[in-house]
Amino acid sequence: MVVRHLRRLLAGRRIEQARLLRPRLVPDLTPRQFALRLRGAGIDKVGRRGKHIVIELGNGWTWITHLRMSGRFQLLEAGLDPKAEGIRFTHATFRLDDERQLIFSDQRHFGLMMVVETARLGEVASLRELGPEPFDADFSCDYLESRCRESRQAIKLLLLDQSKVVGLGNIYAAEALFRAGIDPRLAAGGLTRRRLVRLHREIVEVLREAIEVGSTLNTDPQEVYGRYGNGAFEDNWRVYDREGEPCRKCGELVRRFTQGGRSTYFCEVCQR
Ligand SMILES: [Zn+2]
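Summarised in this report is the structure supplied together with it. (Residues numbered from 1 in each chain as written. Predicted model: local features only at pLDDT ≥ 70, side-chain atom pairs only at ≥ 80, totals over all residues. Heavy atoms only, no water.)

## So, the sheet that holds strand β4 (residues 61-66)
Overall, antiparallel pairing links the four strands, which are arranged β2-β3-β4-β8 in an open sheet. Every other strand in the sheet has two partners, leaving β2 (43-49) and β8 (112-117) as the edge strands with one partner each. Taken over all neighbouring pairs, the strand axes of this sheet differ in orientation by 20 degrees on average, direction set aside. In this sheet, β8 lies alongside β4 in antiparallel orientation, the contact comprising six bridges. Bridge pairing links His 66 to Leu 112 in β8. Strand contacts of helix α1 (residues 2-10): β2 and β3 (52-57), with the helix running at about 180 degrees to β2, the strand carrying the most contacts. (Pairing = 2+ DSSP bridges. Helix = DSSP H or I, 4+ residues; strand = E, 2+ residues; numbered from the N terminus. Axes fitted to C-alpha atoms, helices over the stretch in contact; angles between N-to-C directions. Contact = heavy atoms within 4.5 Å.)

So this is what it looks like as structure tokens:
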């Protein structure tokens, strides 16, 4: 997961110098303003909201990055040239107080950054109205239950609704529902407390396992953009992308149907 790596690499560091090479990456600021807001700033907190990486700085500003399609951060040792290291499309560089450099590159130029006052973070429209992430303390079983009670969505669609929970994704929603034995088509509002407790546990568990698998497969420690959700966990999938293959639990063939425009995989016997 991007942010876990970033947090480990950046927390407690200070940005000595920021250089914006593609001005359109930060549409609201000039390269000079951008550099001034980040220069000398300590990195207090590295978090994520949806696809945004949210970095709280010690100087009252918060630096927000939206990776979009192909934006990525990589960390280089001091003195290494991004181009010589095979990094193309470098759009911004950040020299840290340990002399390493954080490089932001973006092949497709969709990435966006902004620097806003931390006190006014709540006013940033693109960050608002997102639910908690599965690992947030806010994503409790009570939280899940109350979102379900007020919803008329099918449970699978609710799990993909970013205003309810962020970043679960199609694969892990399907896997968590399988593990919890819940038919993805069931109305979220009708699920018993007992079933939701189980579902909540399986959501956290399946993500935890995926991250573990992903981090052991991540052979390049400087590759900050993780492989989370990108196939590293594939061998562990129990239903996802297994249409017509036998269920690992009961042997029934895994079925697929389309729900809200996305493929849903499930076992009719194990999921009721
Ligand atoms: Zn089954």
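## Structural notes on the coordination of the zinc ion
With distances of 2.2 to 2.4 Å, the protein atoms coordinating the zinc ion are Cys 247 (SG), Cys 250 (SG), Cys 267 (SG) and Cys 270 (SG). Sequence spacing of the donor residues for the zinc ion, all on one chain, is C-x2-C-x16-C-x2-C. Of the two residues, Cys 247 sits in the loop between α6 (193-217) and β9 (255-259) while Cys 270 sits in the segment after β10 (262-266), which places them 23 residues apart along the sequence. Given a relative accessible area of 5%, Cys 247 falls into the buried group. (Donors = N, O, S within 2.8 Å, 3.2 Å for Na, K, Ca; no water. Buried < 20%, exposed > 50% of the residue type's maximum accessible area, 1.4 Å probe, protein only.)

## A few points about the nonpolar core
Counting residues in each nonpolar core, the largest one holds 35 residues, and the members touching the most others are Leu 144, Ile 155, Leu 159, Leu 199 and Ile 203. Among the elements of the structure, α3 (141-149), α4 (155-160), α5 (169-180) and α6 are those that each provide at least two residues to this core. It is α5 that provides the largest number of residues to this core, a total of eight residues. When near neighbours in sequence (up to four residues on either side) are disregarded, Leu 159 contacts Leu 144, Val 165, Leu 168, Ala 173, Leu 177, Leu 199 and Ile 203. Listed in part, the 30 residues of the second largest apolar core include Leu 20, Leu 57, Phe 73 and Ala 92. (Core = buried A, V, L, I, M, F, W, Y, C linked by side-chain atoms within 4.5 Å.)

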